[in-house]
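# Tertiary structure, described
Chain by chain, the residues:
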Amino acid sequence: MNKPEKLVAEALSEALTYPVEAFISREYAEAEPERLWSKVWQQAGRVEELKAVGDFITYNICHDSILIVRDTPDSLKAFHNVCPHRGRRLVGDNTGGGPVVVAQAKGSHSARGSQMKFGCNYHAWTFGIDGEAAYIPDREDWNGALDSVCTSLTPVQVDTWGGWIWINMDSEAGPLREWLEPIASLIDPFEFDKMRYRFRLWGIFDCNWKVALEAFLEPYHVQGTHPQLIKYGDFYSFSKALGRHGQTGFDSKEHREENTAVETSVHRAAGDGDPRITIAQMQQEYWDTIGASTSETLVTTAQRLPVDLPEGTPAAEVHKYWLDLAKKVDAERGVSWPDLSGEQIAAAGLALSVFPNMNFIPGPTFSLAYRVRPYGTDPDKCIFEAVALDRFPPGDEPETEWTYLEQDLDKWPLVIAQDISNMVEMQRGYKSRGFKGNLPNPWQERKVTNLHVQLAKYMGTGAPVPIT
Ligand code: FES
Ligand SMILES: [Fe+2]
């Protein structure tokens, strides 16, 4: 791999280009576990998945598997999912990349269960939820050479934010909170920890993980990929780096002042038509073709706008009426909204990306989040996930499971299927002899460019350079 010839300014205001290496090079993909994934904080699940002491899940990334356990009512522990005796993967039935072996043949998304001890199926070494060896058959044969360090599961850093569990394999890595800023401060007012899974979909796609992730990093593609949404107004957006992370928000071609509250996903004025009708239609269409990025309450209350309000009601008043109504309807069924100011909603923007592999759309009572991972170290495959979070009346939270969907377009919600339709074609196009390098939009696709600036810092190659 070549070293970057020239690093560019963080502002990313220049017209830049970056090569296809990060998407198709086998050497690059094989370097990712060591240079990238072993060093970064990664979202590994939701706290709600680990309710009782002994509850566990696994999170798999490339050839590593991490076992995450609730060890006390108030704390979690994470370990490398490998037996210290002779290296068998301790908890099996994982997909997550790597060769399929017998224990993985069921093709599950990940392992999940509840137990106070983890016994290895090979020679029966057994570990407590604190990671210490609790039983080693014929331990005396080692003549005292086995201490608690060499026989314990290898710890991994684990922390929580926003109701998500995060892990970092680098024991020297700084705190999660520091890593997530400024995203954490922007999103804290939304109280994501009070949301729960509504659905969680996953699939294995024939493209690099960056291709799949980037399909959701910018609304510049809406006119080409989702033409049915253009009737609700153009999706012109700003896109910017927030340190290692990124953000998009609706904008106008005059680049009018960012962060105006009416321009987020929920508040979008929905084009030039009668706002009562366009909001009602757009919400219904979102519900029917994405099934997320809004809430059922917002969709049903939006249908009342043309009935409840007179023609000619200004857009800002329509928005206020709608949101007040939705909040009231939610309160009646026991769902409270966070106390969000217009400025806080506007500051969060349309969508936020957390380096390296997560992107989410925030809303007052919902979120649509994507996470994409490599499949082993195959540059041409990835594990894609789309997750909807919602607020539910206490006690009414649904039990959800990972639902596997083939990459066939008719299996996914229409809008996501439209995004998927680009992915395999991108992976093919990147291998074309005729492709000269990416030409990202310097204003609307800066979030994508920033991903490559940040990746290059870890990978030592692939940094964007000015278009010459
Ligand atoms: S490899 Fe686990 S007990 Fe031997
Ligand atoms: Fe899209």
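Keep in mind that this is a model prediction, so the values were computed, not measured. (Residues numbered from 1 in each chain as written. Chains lettered and ligands numbered in written order. Predicted model: local features only at pLDDT ≥ 70, side-chain atom pairs only at ≥ 80, totals over all residues.)

## Notes on the sheet that holds strand β8 (residues 126-128)
What counts is decided by this rule: Two strands form a pair only when DSSP identifies at least two bridges running between them. Labels follow the DSSP assignment, with helices taken as runs of H or I lasting at least four residues and strands as runs of E lasting at least two, numbered in each case from the N terminus. For helices, the fitted axis covers only the stretch in contact; all axes are lines through C-alpha atoms, and the angles between them, taken along N-to-C directions, range from 0 to 180 degrees.
Taken together, the 3 strands give an open sheet; going across it, the order is β7-β8-β9, and neighbouring strands pair in antiparallel fashion. The two strands at the open ends of the sheet, each matched to only one other strand, are β7 (117-119) and β9 (133-135). Between one strand axis and the next, the sheet turns through 35 degrees on average, direction left out of account. The sheet contact formed by β7 and β8 spans 3 bridges and is antiparallel. Bridge pairing links F118 to F127 in β8.

## Regarding the pairing of strand β16 (residues 358-362)
This is how the line gets drawn: Using C-beta atoms placed from the backbone, we call a residue buried if 20 or more other C-beta atoms fall within 10 Å of its own, exposed if 12 or fewer do, and partly exposed for counts in between.
Within β16, 5 of the 5 residues are buried, leaving the element largely enclosed by the surrounding structure. The two faces of β16 match: M358, F360 and P362 on one face and N359 and I361 on the other face are all buried. Where strand β15 (residues 351-354) and β16 come together, 3 bridges link them in antiparallel fashion. Pairing of V354 across the sheet is with M358, part of β16. The sheet contact formed by β16 and strand β17 (residues 366-375) spans 5 bridges and is antiparallel. Looking at the pairing, N359 lines up with Y370 of β17. Linking β16 to β17, which pair antiparallel, is a turn of 3 residues.

## Brief notes about the environment of F118
Quick note on the threshold: It is the C-beta atoms, placed from the backbone, that decide contacts: two residues are in contact if theirs lie within 7 Å.
Mapping F118 onto the fold places it in strand β7. Spatially, the C-alpha atoms of F118 and G128 are 6.4 Å apart, while their sequence positions differ by 10 residues. Ignoring any residue separated from it by four or fewer positions in sequence, one finds F118 in contact with L90, V91, T126 and F127.

## Digging into the packing of helix α8 (residues 275-289) against helix α11 (residues 315-332)
Condition: Between 65 and 115 degrees an angle is taken as roughly perpendicular, under 35 as roughly parallel, over 145 as roughly antiparallel, and anywhere else as oblique. Side-chain classes follow a simple rule in which Ala, Val, Leu, Ile, Met, Phe, Trp, Tyr, Cys and Pro form the nonpolar group, Asp, Glu, Lys and Arg form the charged group, and the remainder, Gly included, forms the polar group.
Interhelical geometry of α8 versus α11 gives an angle of 50 degrees and a closest axis separation of 9 Å. What the angle tells us is that α8 and α11 run oblique. Counting all contacts with α8, which are made through P275, R276 and I279, the residues of α11 involved are A315, V318 and W322. For the contact of α8 with α11, the class distribution of residues is 5 nonpolar, no polar and 1 charged.

## As for the domain arrangement of the protein chain
How big an interface is tends to be reported as the loss of accessible area on association of its parts. Inclusion rule: Annotation comment: domain bounds sourced from an automatic or database domain assignment.
Taken domain by domain, the protein chain consists of domain 1 (1-40 + 189-272 + 334-468) and domain 2 (42-172). Residue-level contacts link 22 residues of domain 1 with 17 residues of domain 2. Every element with two or more residues in the side of domain 1 that touches domain 2 is listed here: α2 (26-37), β12 (196-205), β17 and β19 (402-404). Here the element with the most residues in the side of domain 1 that touches domain 2 is β17; it accounts for 4 residues. A class-by-class count of the residues in the side of domain 1 that touches domain 2 yields 13 nonpolar, 3 polar and 6 charged.

## Section: the pairing of strand β10 (residues 155-161)
Bridging between strand β5 (residues 75-80) and β10 involves 2 bridges; their strand directions are antiparallel. Note that in β10 the partner of F79 across the bridge is P155. Bridge count for β10 against strand β11 (residues 164-168) is 5 bridges, and the pairing is antiparallel. Following the sheet pairing, Q157 is matched in β11 by N168. Here β10 folds back onto β11, and the loop between the two strands holds 2 residues, one of which, G162, carries a positive phi near 65 degrees.

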